[in-house]
Amino acid sequence: MKKIALSGIEKFGVLESNIPALINADDILLKVAVMGVCGSDIHYFKEGRIGDQVINFPFTIGHEFSAYVVETGKDVKTVKPGDLVAVDPLVSCQKCSQCLKGRFHTCLNQKFLGCPGQLEGCLSEYIVLPERNCFKVPRNISAELAALVEPLTIGYYAVQLMNNFLRAGQVGILGSGPIGLSVMLTLQSQGINKILATDKLDYRLEIARQNGAAWVANPDKVDVVEYLKKINVEPFDAVFECCGKQEAVDQAVDLLKPGGVLLLVGIPEVDKISFDISKIRRKEIVIQNVRRQNECVKPVIELISSGKISPDFMITHRLPLDQTQKAFDLVAGYDDGVVKAVVTF
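Residues numbered from 1 in each chain as written. Predicted model: local features only at pLDDT ≥ 70, side-chain atom pairs only at ≥ 80, totals over all residues. Heavy atoms only, no water.

Participant: Account for the overall build of the protein chain, with residues named and values stated.
Facilitator: When its secondary structure is counted, the protein chain shows ten helices and 19 strands. For a compact globule of 345 residues, the expected C-alpha radius of gyration is about 20 Å, and the protein chain comes in at 20 Å, within 12% of that figure. Its C-alpha atoms give the protein chain principal-axis dimensions of about 60 × 40 × 40 Å. Surface summary for the protein chain: the accessible area is close to 15500 Å², and the carbon and sulfur share equals 49%. Side chains of the protein chain give 38 positive and 40 negative charges; the mean places of these two sets differ by 4 Å. (Helix = DSSP H or I, 4+ residues; strand = E, 2+ residues; numbered from the N terminus. Rg over C-alpha atoms; globule rule 2.2 N^0.38 Å. Areas by Shrake-Rupley, 256 points an atom, 1.4 Å probe, with all protein chains shown as cover. Lys, Arg positive; Asp, Glu negative; His and termini not counted. Charge placed at Lys NZ, Arg CZ, Asp CG, Glu CD.)

Participant: How would you sum up the environment of Ala238? Please name residues and give values.
Facilitator: Note on placement: Ala238 falls in strand β15 (residues 236–241). A relative accessible area of 0% means that Ala238 is categorised as buried. Measuring from C-alpha to C-alpha, the distance between Ala238 and Cys115 comes to 30 Å, with 123 residues separating the pair along the chain. Those residues in contact with Ala238 that lie beyond four places of it in its chain are Met162, Gln170, Val171, Gly172, Leu256, Val261 and Leu263. (Buried < 20%, exposed > 50% of the residue type's maximum accessible area, 1.4 Å probe, protein only. Contact = heavy atoms within 4.5 Å.)

Participant: Please give an account of unusual backbone geometry that cites residues and values.
Facilitator: Among all residues save glycine, negative phi is the norm, and among peptide bonds the norm is trans. For the peptide bond that leads from Phe57 to Pro58, omega is -5 degrees, which places it in the cis range. For Pro58, the position within the fold is in the loop between β5 (53–54) and β6 (64–72). Even without glycine at this site, Glu10 takes up a positive phi of about 60 degrees. Within the fold, Glu10 resides in the loop between β1 (2–8) and β2 (11–16). Of note in the backbone geometry, Glu295 takes a positive phi value of approximately 60 degrees without being a glycine. Note on Glu295: relative accessible area 54%, which makes it exposed.

Participant: Break down the nonpolar core for me, with residues and values.
Facilitator: Of all hydrophobic cores here, the largest spans 55 residues; its most connected members are Met162, Leu187 and Phe240. Within the second largest apolar cluster, 42 residues are counted, among which are Phe12, Val32, Leu113 and Val343. (Core = buried A, V, L, I, M, F, W, Y, C linked by side-chain atoms within 4.5 Å.)

Participant: Help me get a handle on helix α7 (residues 246–255), residues and values and all.
Facilitator: What α7 keeps buried is the set Ala248, Val249, Gln251, Ala252, Val253 and Leu255. Contacts from the buried residues of α7 go to β12 (170–174), β13 (194–198), α6 (224–230), β15, β16 (256–264) and α8 (277–283).

Participant: Describe the sheet that holds β13, and please don't skip the residues or the numbers.
Facilitator: Spatial ordering of the open sheet is given by β14-β13-β12-β15-β16-β17, a layout of six strands whose pairing is parallel. Edge positions in the open sheet fall to β14 (215–217) and β17 (286–289), since each of these has one partner strand only. Ignoring which end each strand starts from, the neighbouring axes of this sheet average 15 degrees apart. Of the strands in this sheet, β12, β15, β16 and β17 are in contact with helix α3 (residues 143–163), which crosses β15 at around 145 degrees. (Pairing = 2+ DSSP bridges. Axes fitted to C-alpha atoms, helices over the stretch in contact; angles between N-to-C directions.)

Participant: Give me the environment of Ile207: which residues, what numbers.
Facilitator: Along the chain, Ile207 falls in helix α5 (residues 202–210). Each C-alpha atom, one on Ile207 and one on Leu181, is 9.1 Å from the other, the two residues being 26 residues apart in sequence. Those residues in contact with Ile207 that lie beyond four places of it in its chain are Leu181, Phe313 and Val339.

Here it is as structure tokens:
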């Protein structure tokens with residue numbers, strides 16, 4: 001089988017490998033159908049690392065994907081060969097103190113697809129995962145939509161964390177890429193429509209506006225805080241920082257009302273960010289980090305299947321496996337109006 005591996009910074013190579021074998025009774029052999037290029041993949045592509053997770057080249061990245069079941073272990077009951085599945089890319093141990101508390105996403109022994117030192121990614125024709133990571137999708141969900149489930153779970157989980165603190169009426173989203181749009185879709189499914197979307201790319205703002213954002217603003221062109229004051233928009237209950245930028249964090253604090261919640265979803269390119277302690281103290285701002293997702297795959301599948309959210313507009317580019325390099329170059333360079341590029345197998 002073919003694997004597309006990072007062979008260096010911003011460079012891919014093709015490797016030939018054996019189809020992986022089932023080892024455990026709950027293992028499933030999957031034939032990858034569609035893989036989405038994620039922002040975290042771009043960190044590895046451009047920098048070879050995220051924080052202290054450093055790639056030893058060559059290495060296969062990728063974790064957003066859908067697949068068809070090829071073979072199952074003897075104990076597998078929820079899927080059968082031929083089924084299309086969406087995938088949770090985090091393999092938890094199910095035994096550590098975090099897992100026993102139901103915090104599988106912060107498992108102390110976790111193995112995440114496409115993460116150095118953990119598991120090779122899904123830029124591969126075949127892959128093996130445990131049954132608990134594979135979720136059969138209804139017939140009205142295509143392989144492309146099933147590949148979007150993973151990024152949508154990030155947005156869904158972030159909104160659930162917000163709900164732990166307050167019932168929001170007005171929300172800001174800073175960064176209108178796939179994750180920011182996933183947050184927006186989830187908010188809308190809960191009846192929250194007073195949503196600000198910001199981005200430095202005007203085409204992404206237009207996509208957000210077309211899909212229901214009440215206000216859009218480009219921080220490179222306007223002072224977002226002053227702009228909202230001029231049009232009499234009140235401060236926000238919650239702001240989702242979805243681009244990983246210090247200036248967006250600072251802006252989020254200014255946009256929040258006292259007692260508001262700042263949710264940090266984006267992955268910064270730097271190791272440290274800072275806060276204006278005077279502002280967050282006086283406003284009594286709650287700061288909530290968002291780490292991937294936890295047990296959100298099934299509810300997201302239901303949202304798509306029921307038609308409560310329609311995320312297909314996020315896919316702007318479709319490229320075959322042999323054009324993986326082009327797909328990553330597009331996303332890394334924000335070229336050709338790209339929002340979500342997918343690689344088809």
